[in-house]
Amino acid sequence: METPPSIELVTQAIQTLYNDPNPTSKEHASKWLQELQQSIVAWKVADQLLHDKRDLESCYFAAQTMRTKIQYSFHELPPEAHASLKDSLLEHMACITQATNQIIVTQLCLSVADLALLMSSWLTPVEDLVARFGESHPVPLLEVLTVLPEEVSSRHLRLGANRRDQVAAYCTATCPLVLNLLNGSVGTTEPALQTKLLRCLSSWFTFPADALIQVADSDLLKFTFQVLHNHRASDALHEVATDCVCSALFLIEEDLKYHPLAKALFAGVFTLADPYQMAVAEELVDKCRNYSRVFTELGEAVVTVLVNNPGQGLGSMQVLDMILVCVGHHDYEVAEVTFHFWYRLSEELYQMKSSNHYSRFKPYFEMLLLALCRHCQMESDHDGTPDDQDEFSDFRSRVTDLVRDFVFVCGSLDVFHQMFLFLQDPAATWESSEAALFIMATVAKNILPRQDSVVPEVVQAVLALPDSVHVALRFTAINLLNGLSEWIFEHSTVLEPVLNFLLAGLRVDKLATVSARALKSICGQCDRQMTGHLTGLVQIVQSLDTFSITAEAAVGILEGTAKVVANMPTEAIPEMFGKICQSQLVPLRQTVDQAGDARPAKGSRADPVLWLDRLAAVFRHTHPEISNGQVHPCKVVFEEQVWPVLSGVMRRYQRDGRVMERCCRCLRFAVRCVGSQSAALLQPMTAQMVEIYASTQHSCLIYLASVIVDEYAAQPACVPPLLATLHALLPAALPLLSGTDGLRQHPETVDDLFRLCTRLVQRVTLPYLQHPHAADVTRLAVSAVTLDHRDANASVTKYLAELLRCGRKHDERDDFEQRRELVAAAFVEFGAALISNLIQATLFCVASFMIPDIGEVFMEALLTDRPAVCRLLEQTLKSLPTESAGGIVTATHKQLVEFHKSVTSAETTQEAVQALREFSRLYR
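A quick note: this is a predicted structure, and the numbers were derived from the prediction, not measured.

Participant: How would you summarise the overall build of the chain if you had to cite specific residues and measurements?
Facilitator: Regarding its fold elements, the chain presents 45 helices and zero strands. Projected onto the principal axes, the alpha-carbon positions of the chain cover approximately 90 × 80 × 60 Å. In the chain, buried positions account for 54% of the 924 residues. Taking as baseline every contact in the chain between residues at least 6 positions apart, the subset at least 24 positions apart corresponds to 74%. Here the chain displays about 39600 Å² of accessible surface, and carbon together with sulfur accounts for 51% of that area. If you average the places of the 76 positive and of the 108 negative side-chain charges in the chain, the two averages end up 4 Å apart.

Put into structure tokens, the structure is as follows:
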């Protein structure tokens, strides 16, 4: 879009987008408006719409467009246009009134804040804004001053480290000006203005505490605590005052002993105990949650002092008492606010590794445990098993994580003992007993397997539960047995009663899935002892569809059964393994034979994925011990029974990506299970894979090829067909990825293709390097290193690193000189583009967590030819932009020289990664 459309046309499109009931018209309008926003004419259109103020929708669209253009397209404007943009935005800001929609206010103020950060020629934005709007327009001024500190730390602006440090230093220096402005406005009685005032103060607690020292004895802080003392203050004002105190506590956490702000905050927070109790009495849950946040943040601020000097000074145990009071609130959401503090406290104690410290804090954790147990109780009129999809279930899940985190302080056995007392109480209700079992289940895996006190009584009590008890109680009891699988392994006398208990649960619809999960766990842990029960397990497998269990639970039972089968005598495995496979192959074969043109419903018996997942689980978890020269006990079943059926599935469903992915997954585990002994299937498998890939381009077929390479490459006779497979796959894969935006549109193919080529580099190095398409693959990898897809980029960088490594790594093979020459020639051809793209990826393309992979390739390049890398890197750095569109210096000459020196002198990958990380901050 090169010429601006008429304002009438734009307004009409906006009205269509927001108000037209026709979805097709809305879609066309949305697409057209998106194209408009991405064009350079959007600047002028947005400015005109804001001046016209025709309606709410057009003003919102204009404000949002202006913000996104400044954030992402500021480089489109020439420097001489920056001043006029600033003036225009300030004019729009001056037009904000009490009636202006808050969304529009926020977008405009964000635009001004982002412009102040990006426009280096605007030297005194805070002073200018305060001078212009301080008295006449306090609302938009406070809004801009609120978002400005937040935007300094935001990464979407790509300010770069130099500008970010510059702006942070400027804001730190202007803190007194802003605080004076806020302090002078404390007397306002307008609630909305009071809320904005405190929100602004909270935002400025981002900067160093020394710059905010005047807050300690200011009217501003006194007003904040006045709001918190008033438990009947408006919800909005009370919440923002809470935010303000929490931000301040977080800020001074590192400077507790000496900062006057710390003392003022602690004194203020300790006065909030009574207002909290009044909020509890009046059932003001939101206010209670706010107080809980304040007490928790105070605890986190002093947690280090609390652990190192308990009961002394700022390490007052009163902090723990205040937080425990909140944990005792009847609403579990109030208690949940405190969880992060308990995580921090348990982490600090764990680092101490001192039983004396544990004993000092153990009573507090025991009180916490009792409170959590009460919160975990279900409603007495609850019908059925615990719901795993509601908010209460999410809360219990977080309780599980928390208890496991601090259980080392209390001791798992003590937790069991404490909860067992609940079970023995004659007055215990089903819900209190269930909650006690739930807490036990959270720490069951921590119980020492040889433990002989308390646990046997608990297990016997569970196994003695009558069928008449509440189904939720039985459900949680089964979960407890699941967690005790290691203990059951050491106490084999209870194995049979436990299995009978679980079998009874399998026959109850509401308990079938949890029983199946427990059975899987116990089979996995007690696989050797379970061989005597294998006949019964196989009968369960053959009757899986008669139980009311999820597909995942059914797969779990097959996993457990497979592990038990693997422990049978080698000669007995084929029969049992065949029976398990046949119970999946028969319905799978029927599904293929009866399949129509319609896609089968997911999860139904007509869905081949159901049986493929089950079959995959069997192969994945059957790993018998076989000696050299011994025929793999699963070989015949794979070759004669499984492969013909899976081949038929691929032929029948070759256009269905979902089925093909699961079929390839199943074959992958089958090949892994049998290993190189299934080499007889190499030719038929690869032939069918190549044929199907040529017409469908399912990337899962390439992934399967990489597994086949891994398993068969050690056999010299298999190398030619493996390379032939690559040769046949590439003519379809390379054009797919080399097309316009092909890498970004097909990341899964990138991932799988380079995984395959990496395996070839590792396993059949020289034949791969001599392959006629190896250069094409490497050229594509050099281009793909800038791809911002996590898995795809990881596979690309792994390929490049392995390729470079194989040219310098001596091993037992005698072809080193040939490998070295081929890799050196490839580096001469692709080195310049590789170094350039590695830097481009680091600075502009990939997420920071992906830089270690980039660093590994860089290090391998240095080890391959350090002088060449030094030269190529210098050329790349000279071409980098050193100044942004706003006149911001991104990287000085000195910083470029320092980076060049640090990265080219790196001796380890870690050193290279660190240099790349630090350099990337200059451009992010």
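Participant: Hey, could you go over unusual backbone geometry for me, with residue numbers and the actual values?
Facilitator: Unusually for a residue other than glycine, R158 sits at a positive phi of about 50°. One non-glycine residue with positive phi stands out, namely V454, at about 70°. Checked against the element boundaries, V454 lands in the loop between α22 (430-443) and α23 (455-463). Residue class for V454 comes out buried when judged on its relative accessible area of 15%.

Participant: Lay out the packing of helix α8 (residues 138-152) against helix α10 (residues 191-204) with the relevant residues and their values.
Facilitator: Where α8 meets α10, the closest approach of the two axes is 8 Å, and the angle between their N-to-C directions is 25°. The angle between α8 and α10 places the two elements in the roughly parallel class. The way α8 lies across α10 gives a crossing that is left-handed. For the pair α8 and α10, the contacting residues are P138, V139, L142, E143, L145, T146, P149 and E150 in the first and L193, K196, L197, R199, C200, S203 and W204 in the second. In terms of residue class, the contact of α8 with α10 is made up of nine nonpolar, two polar and four charged.

Participant: How would you sum up the pattern of salt bridges? Please name residues and give values.
Facilitator: Going through the model one piece at a time under the given rule, you end up with 42 salt bridges. Measuring nitrogen to oxygen at the nearest pair gives 2.9 Å for the salt bridge that ties E817 to R820. You can see E817 and its partner R820 sitting in helix α42 (residues 816-845), three residues apart, about one turn around the helix. Residue R820 is classed as partly exposed on the basis of its relative accessible area, which comes to 36%. Put simply, E874 and K878 hold a salt bridge, and the shortest N to O gap is 3.5 Å. Taken together, the residues E874 and K878, both in helix α43 (residues 851-878) and four residues apart, mark about one turn of the helix. Taken together, the shared-partner salt bridges in this structure form one network comprising K798, E802, R805, R808, E856 and E860.

Participant: Provide a residue-level description of the layout of surface pockets, including the pertinent values.
Facilitator: To locate leftover empty space, one rolls a probe as large as a water molecule over the atoms. When its volume is computed, the largest pocket comes out at roughly 970 Å³. If you trace the largest pocket, you find 31 residues lining it, with P386, R396, F438, F475 and N479 closest to the centre. Among the secondary structure elements, those contributing two or more residues to the lining of the largest pocket are α20 (391-410), α22, α24 (471-483) and α27 (509-525). Sort the elements by how many residues they give to the lining of the largest pocket and α20 lands first, with six residues. In terms of residue class, the lining of the largest pocket is made up of seven nonpolar, 13 polar and eleven charged. Roughly 490 Å³ of volume is contained in the second largest pocket. Along the walls of the second largest pocket sit 21 residues, with H75, L157, R158, S884 and A885 positioned nearest its centre. Looking at the lining of the second largest pocket element by element, the count peaks at four residues for helix α4 (residues 56-73). Of the residues belonging to the lining of the second largest pocket, the class tally is twelve nonpolar, seven polar and two charged.

Participant: Can you tell me about the environment of L610, naming the residues and giving the values?
Facilitator: For L610, the position within the fold is in helix α31 (residues 608-620). Relative accessible area serves as the criterion here: at 11%, L610 is assigned to the buried category. A C-alpha to C-alpha distance of 8.6 Å links L610 and L588, two positions 22 residues apart in sequence. Aside from chain neighbours lying at most four places away, what touches L610 is A551, G603, S604 and R605.

Participant: Please set out the packing of α31 against helix α33 (residues 657-674) residue by residue, giving values where relevant.
Facilitator: A pair of packed helices is captured by two measures, namely the crossing angle of their axes and the spacing between those axes. Where α31 contacts α33, the axes come no closer than 8 Å and their chain directions differ by 15°. Taken together, the axes of α31 and α33 lie roughly parallel to each other. Of the two elements, α31 crosses α33, and the hand of that crossing is left-handed. On α33, the residues touching P608, V609, L612, D613, L615, A616, F619 and R620 of α31 are R658, V659, R662, C663, R665, C666, F669, A670 and C673. Looking at the contact of α31 with α33 residue by residue, the class counts come to twelve nonpolar, no polar and five charged.

Participant: Give a description of helix α15 (residues 285-308) that names residues and reports values.
Facilitator: In an α-helix, one turn spans 3.6 residues; hence positions three or four apart end up facing the same way. The first and last C-alpha atoms of α15 sit 34 Å apart over 24 residues, in line with the 34 Å expected at 1.5 Å per residue. In terms of burial, α15 is largely enclosed, as 19 of its 24 residues are buried.

Participant: I'd like a description of the packing of aromatic side chains, backed by residues and values.
Facilitator: Following the criterion strictly, the structure yields 19 aromatic pairs and no others. Between Y768 and Y799 the ring centres are 6.3 Å apart and the planes differ by 90°, which places this aromatic pair in the edge-to-face class. Of this pair, Y768 sits in helix α39 (residues 765-769) while Y799 sits in helix α41 (residues 790-805), and the two are 31 residues apart along the sequence. Judged by relative accessible area, which is 0%, Y768 ranks as buried. Relative to Y923, the ring of F919 has its centre 5.7 Å away and its plane inclined at 65°; by these criteria the two rings are edge-to-face. Here the aromatic cluster, defined as three or more aromatic residues joined through ring pairs, consists of Y332, F339, F392 and F395. When the ring centre of W122 is taken as reference, the NZ or CZ atom of K86 above it lies at 5.1 Å.

Participant: How would you summarise the nonpolar core if you had to cite specific residues and measurements?
Facilitator: Residues W342 and F416 are the most contacted members of the largest nonpolar core, which totals 341 residues. The greatest single-element share of this core, amounting to twelve residues, is contributed by α43. With residues near it in sequence (within four places) discarded, W342 still touches L320, I323, L324, V327, F365, L368 and L402.

Participant: Residue-level account of the state of the cysteines, with values.
Facilitator: Per the counting criterion, the structure on display carries zero disulfides. Just so you know, C244 is unpaired, no disulfide at all, and the nearest cysteine sulfur is the one on C246, 9.4 Å from it.

Participant: Can you break down helix α16 (residues 318-327) residue by residue, with the values?
Facilitator: Burial analysis of α16 places seven of its ten residues in the buried class, the great majority of the element. All buried positions along α16 are accounted for by V319, L320, M322, I323, L324, C326 and V327. Here the buried face of α16 lies against α13 (260-269), α14 (273-281), α15, α17 (332-336), α18 (339-352) and α19 (355-375).

Basis of the calculations
- Residues numbered from 1 in each chain as written.
- Predicted model: local features only at pLDDT ≥ 70, side-chain atom pairs only at ≥ 80, totals over all residues.
- Heavy atoms only, no water.
- Helix = DSSP H or I, 4+ residues; strand = E, 2+ residues; numbered from the N terminus.
- Buried < 20%, exposed > 50% of the residue type's maximum accessible area, 1.4 Å probe, protein only.
- Contact = heavy atoms within 4.5 Å.
- Areas by Shrake-Rupley, 256 points an atom, 1.4 Å probe, with all protein chains shown as cover.
- Lys, Arg positive; Asp, Glu negative; His and termini not counted.
- Charge placed at Lys NZ, Arg CZ, Asp CG, Glu CD.
- Axes fitted to C-alpha atoms, helices over the stretch in contact; angles between N-to-C directions.
- Parallel < 35°, antiparallel > 145°, perpendicular 65-115°, else oblique.
- Left-handed = near helix turned anticlockwise from the far one by under 90°.
- Nonpolar A, V, L, I, M, F, W, Y, C, P; charged D, E, K, R; others polar.
- Salt bridge = Lys/Arg side-chain N within 4 Å of Asp/Glu carboxyl O.
- 1 Å grid on protein atoms, 1.4 Å probe; cavity = no way out; pocket = protein on both sides within 12 Å on 5 of 7 lines; lining within 4 Å.
- Points joined across faces, edges and corners; volume = space filled by probe spheres on them.
- Expected span 1.5 Å × (residues − 1).
- Phe/Tyr/Trp six-rings, centres within 6.5 Å; stacked < 30°, edge-to-face > 60°.
- Lys NZ or Arg CZ within 6 Å of the ring centre and 35° of its normal.
- Core = buried A, V, L, I, M, F, W, Y, C linked by side-chain atoms within 4.5 Å.
- Disulfide = S-S within 2.5 Å.

The values reported here are purely geometric and, on their own, carry no functional implication.
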